[in-house]
Amino acid sequence: MQHNTYIYIFIAALVSFIIRVLPLTLIRKPISNTFIRSFLYYVPYVTLAVMTFPAITEATQSPIAGLAALVVSIIAALYGAGLFPVAVMSCLTVFIIEWIIK
Amino acid sequence: MDKKDIKEGLHDGLMIGLGYFAVAFSLGFAAKRAGLAPIEGAIASFFNHASAGEYGLYTSIASLATYAEVALITLIANARYLLMSCSLSQRFDPKAPFFHRLLVGFGITDEFFGVSIARPGTLSPTHFYSCALLAILMWSSGTFFGIWLGNMLPSNVVSALSVSLYGMFIAIIIPPCKKDKVVACAVAGSFALSYLCTLIPHVNELSSGTRTIILTILIAAVAAIIKPVKEESYAA
């Protein structure tokens, strides 16, 4: 078996491309089935939520800092802060807490 | 209209790109271990632009996996994009030219998907491209510098930057929770079940990509059965 880096990269790129493009190109019309419509309506929020927690506590050096960043983000978003302010606040939270803990 | 989309797209792209750069930078360490040159990492990142998928790719290269294994790992790690692509198809203007579907599809990531669904009305390819191109270039250069410079960035800075993407996710999912109690319950349930899955033996051996797919399908299906959305929810 040959092990060519560029063939590895090409295979991964091709598979990623097919996964991303197939549904968009095959589903050309609004779906009328209520269940599927409802399902797809909930998908984004559920996916992002599943990916955020507990991953955010594993991304930081200290899990507590990640958890604090999550809480701060949720509170900031509840009070209407946008994408960037929330992202900055989450970073600062981690930075400060890890600085205090050390 | 278009100018506004470009401006907002670049703005979103920069915000996402800053987080991407940091994540891709650390991803560069894994690529370096696999023996990739900076330019190879940059190319791999430009065409894949998926953290879990690329991590799978680099560890596979490092372990001299077969080409078939790389294809399977990429499929599993990125399968959630199938769902996002389905979801975005419902936001597409049915009259939009076909090439927009190819290009937008190529660009899909968790973050671009997030900012796109947070915008009202049909998906704007102009906004998507300006956001995605900028951020993907930052992702790609992040990998380049990660391989090249190794671990010169202090670890506390990397640690702080690595949560920016999650902060953005929260900013996307929380506002709809205030308007729609079912979304709020689905989000809370997602947090709880996702956490549970890391505790239960055997289940916690699943990759995060696989866990994301299974939980997404399960929770979204339950929510869809309990509270089907009415027509106007999509038009908004």
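How each quantity is defined
- Residues numbered from 1 in each chain as written.
- Chains lettered and ligands numbered in written order.
- Predicted model: local features only at pLDDT ≥ 70, side-chain atom pairs only at ≥ 80, totals over all residues.
- Heavy atoms only, no water.
- Helix = DSSP H or I, 4+ residues; strand = E, 2+ residues; numbered from the N terminus.
- Rg over C-alpha atoms; globule rule 2.2 N^0.38 Å.
- Buried < 20%, exposed > 50% of the residue type's maximum accessible area, 1.4 Å probe, protein only.
- Contact = heavy atoms within 4.5 Å.
- Areas by Shrake-Rupley, 256 points an atom, 1.4 Å probe, with all protein chains shown as cover.
- pLDDT = per-residue confidence, 0-100.
- Axes fitted to C-alpha atoms, helices over the stretch in contact; angles between N-to-C directions.
- Parallel < 35°, antiparallel > 145°, perpendicular 65-115°, else oblique.
- Left-handed = near helix turned anticlockwise from the far one by under 90°.
- Nonpolar A, V, L, I, M, F, W, Y, C, P; charged D, E, K, R; others polar.
- Salt bridge = Lys/Arg side-chain N within 4 Å of Asp/Glu carboxyl O.
- 1 Å grid on protein atoms, 1.4 Å probe; cavity = no way out; pocket = protein on both sides within 12 Å on 5 of 7 lines; lining within 4 Å.
- Points joined across faces, edges and corners; volume = space filled by probe spheres on them.
- Expected span 1.5 Å × (residues − 1).
- Patch = residues over 30% accessible without salt bridge, like charges linked within 9 Å, V, L, I, M, F, W, Y side chains within 5 Å.
- Buried area = accessible area lost by both parts, 1.4 Å probe.

Along the backbone of chain A there are five helices and zero strands. When the elements of chain A are put in sequence order from the N terminus, they spell out α-α-α-α-α. Over its C-alpha trace chain A gives a radius of gyration of 20 Å, far above what one expects of a compact globule, namely 13 Å for 102 residues. Each of the 102 residues in chain A was classed as buried or not, and the buried ones make up 52%. For chain A, contacts bridging at least 24 residues in sequence account for 38% of all contacts bridging at least 6. Surface accessibility of chain A: about 5,000 Å² in total, with carbon and sulfur atoms responsible for 74%.

Residues and elements named next belong to chain B. Averaged over every residue, the pLDDT of chain B is 88; the share at 70 or more is 96%. Low pLDDT, under 50, characterises residues 232-236; the stretch is placed with eight contacts to residues that sit more than four places away or in other chains. Of the two predicted TM-score estimates for the complex, the pTM is 0.75 and the ipTM is 0.86.

Before going further, it helps to examine the packing of helix α2 (residues 34-52) of chain A against helix α5 (residues 80-89) of chain B. With their axes 9 Å apart at the nearest point, α2(A) and α5(B) run at an angle of 140° to one another. Classified by the interaxial angle, the pair formed by α2(A) and α5(B) is oblique. For α2(A) against α5(B), the interelement crossing comes out left-handed. Counting all contacts with α2(A), which are made through A:Phe39, A:Leu40, A:Val43, A:Pro44, A:Thr47 and A:Met51, the residues of α5(B) involved are B:Arg80, B:Leu83, B:Met84, B:Cys86 and B:Ser87. Class assignment of the residues belonging to the contact of α2(A) with α5(B) gives a composition of eight nonpolar, two polar and one charged.

All names here are of chain B. Applying the stated rule across the entire model yields four salt bridges over all chains. Here Arg119 ties to Asp5 by a salt bridge, and the two come within 3.2 Å at their closest N and O atoms. Of this pair, Arg119 sits in the loop between α7 (110-118) and α8 (125-149) while Asp5 sits in helix α1 (residues 2-33), placing them 114 residues apart in sequence. Residue Arg119 pairs with Glu8 through a salt bridge whose shortest N-O separation is 2.7 Å. One end of the pair, Arg119, is in the loop between α7 and α8; the other, Glu8, is in helix α1, and 111 residues separate them in sequence. For Glu8, a relative accessible area of 28% translates into the label partly exposed. Within the structure, one salt-bridge network assembled from shared partners comprises Lys4, Asp5, Glu8 and Arg119.

All names here are of chain B. One pass over the full model with this rule turns up one cavity of 30 Å³ or more. In this model, the largest cavity occupies a volume close to 30 Å³. Around the largest cavity sit Ser116, Arg119, Thr122, Leu123, Ser124 and His127, which together line it. In terms of residue class, the lining of the largest cavity is built from one nonpolar, four polar and one charged.

Next up on the list: the packing of α2(A) against helix α10 (residues 164-179) of chain B. Running from N to C, α2(A) and α10(B) point in directions that differ by 140°, and their axes come no closer than 10 Å. With respect to α10(B), the element α2(A) is oriented oblique. Of the two possible hands of crossing, α2(A) and α10(B) adopt the one that is left-handed. On α10(B), the residues that touch A:Tyr45, A:Leu48, A:Ala49, A:Met51 and A:Thr52 of α2(A) are B:Tyr166, B:Phe169, B:Ile170, B:Ile172, B:Ile173 and B:Pro176. Each residue belonging to the contact of α2(A) with α10(B) can be placed in one class, and the counts come to 10 nonpolar, one polar and no charged.

To continue, consider helix α5 (residues 83-101) of chain A. Over its 19 residues, α5(A) extends 27 Å from the first C-alpha to the last, a length consistent with the 27 Å expected when each residue adds 1.5 Å. Packing partners of the buried residues in α5(A) comprise α4 (63-78) of chain A together with α9 (155-161) and α10 of chain B.

What follows covers a nonpolar patch on the surface. A grouping of A:Phe84, A:Val88, A:Leu92, A:Phe95, A:Ile96, A:Trp99, A:Ile100, B:Leu14 and B:Leu18 is seen on the molecular surface, where their side chains present a nonpolar patch of about 870 Å² in accessible area. Ranked by residues supplied to the nonpolar patch, first place goes to α5(A) with seven residues. Checked against the element boundaries, A:Val88 lands in helix α5.

The interface is formed by 96 residues belonging to chain B together with 68 residues belonging to chain A. Of the roughly 7,600 Å² buried at the junction of chain B and chain A (both faces included), carbon and sulfur atoms supply 75%. It is B:Tyr67, B:Arg101 and B:Tyr166 that lose the most area in chain B upon contact with chain A, and together they represent 10% of the buried surface on that side. The tally of links between chain B and chain A comes to zero salt bridges.

With that settled, the discussion passes to the confidence of the model for chain A. For chain A, per-residue confidence averages 90 on the pLDDT scale, and residues scoring 70 or more make up 98% of the total. Of all secondary-structure elements in chain A, the lowest mean pLDDT belongs to α2(A), at 87, while α4(A) reaches the highest, 97.

Of note, the amide linkage connecting A:Phe53 to A:Pro54 takes the cis form, showing an omega dihedral of 5°. Structurally, A:Pro54 is set in the loop between α2 and α3 (55-59). Although it is not a glycine, B:His202 adopts a positive phi angle of roughly 75°. Locating B:His202 in the fold gives a position in the loop between α11 (181-199) and α12 (208-226). Overall, B:His202 belongs to the exposed group, its relative accessible area being 64%.

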